[in-house]
Amino acid sequence: MTKKVFPIVLILIFAISGCAYKQKTAAPFIPFQKFKTDEGVEIKVTPSSGIGDYKVSKYLTTFYVEIENQSKNEITFNSNDIVLIDELNNQYNLLSPNIAAEIVKESSRPRFFPRISIGIGVGHYHGGYYRSHHRYHSPFRSRFHYYYDDPYPYDYPQAYGQAENVSEVYSEALFPGVVYPGSTVKGFIYFKRIPADILNVNLEFEYDTENDPERGAVKFSFKR
């Protein structure tokens, strides 16, 4: 008895361990970088491989940006103020959250999950009909039991498809605009997926400062 139970216990332990384990995926570029001005404007940029539990790096090049404005002036940046330039001087313009979400939605394949049906009793399937071996009582309180053929067709798919949820690609995005004094804005920015043979990229970020005619500019360099 013990010899039979022991292998089953091992299988259960490995199954539970496999379910609990969650693989950590590395970002396509490293490392995290930070820039801070004397006036108190701080910009942090972190390469990212995913949003939540979903790995978008299969379809996009993604960075998480946090802008903290502790100066006394507003700062403003637009979509064309953030560009990515690779080692071959190819320029990648910032994608809008709508376009990024559409790319992920169109590029990702639907995931299929098996249909699970749990029932009690024994029956047979006969060409679209289900014949039960159990007795059923009539709703009209007849004293006779009867058997029945269920005409419901059981030809529905054994699996159903579920597309990736891309709502977070939009809701967690960084939207260009004004950063008021004492405020912080943060979110993801998206670019076209960089080819795997590109090893180095520069993220160039420009912004305007209220009451200052000179534009601020900063460059973040990343490598694989």
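Relevant structure appears above.
Attention here is on the structure that accompanies the text.

Procedures and definitions
- Residues numbered from 1 in each chain as written.
- Predicted model: local features only at pLDDT ≥ 70, side-chain atom pairs only at ≥ 80, totals over all residues.
- Heavy atoms only, no water.
- Helix = DSSP H or I, 4+ residues; strand = E, 2+ residues; numbered from the N terminus.
- Polar contact = N/O pair within 3.5 Å; in protein donor to acceptor, adjacent residues only side chain to side chain.
- Contact = heavy atoms within 4.5 Å.
- Phe/Tyr/Trp six-rings, centres within 6.5 Å; stacked < 30°, edge-to-face > 60°.
- Buried < 20%, exposed > 50% of the residue type's maximum accessible area, 1.4 Å probe, protein only.
- Pairing = 2+ DSSP bridges.

Comments concerning the side chain of Ser48
- Tracing the sequence through the fold places Ser48 in strand β2 (residues 41-48).
- Looking at Ser48, its side chain comes within polar contact range of the main-chain oxygen of Gly50, at 2.9 Å.
- Each residue touching Ser48, except ones within four places of it in the same chain, is listed here: Ala27, Pro28, Thr62, Phe63 and Phe188.

Side note on the packing of aromatic side chains
- Here the structure, examined in full by the defined rule, presents 6 aromatic pairs.
- Pairing Phe77 with Phe205 gives two aromatic rings, centres 5.3 Å apart and planes at 45 degrees, and the pair type is tilted. Of this pair, Phe77 sits in strand β4 (residues 75-77) while Phe205 sits in strand β16 (residues 200-209), placing them 128 residues apart in sequence. Accessibility assignment for this pair places Phe77 and Phe205 in one class, buried.

Digging into the pairing of strand β17 (residues 212-223)
- As paired strands, β16 and β17 are joined by 9 bridges and run antiparallel to one another. For Glu204, the partnering residue across the bridge sits in β17 and is Lys219.
- What sits between β16 and β17 in their antiparallel hairpin is a turn of 2 residues, with Asn211 showing a positive phi close to 65 degrees.

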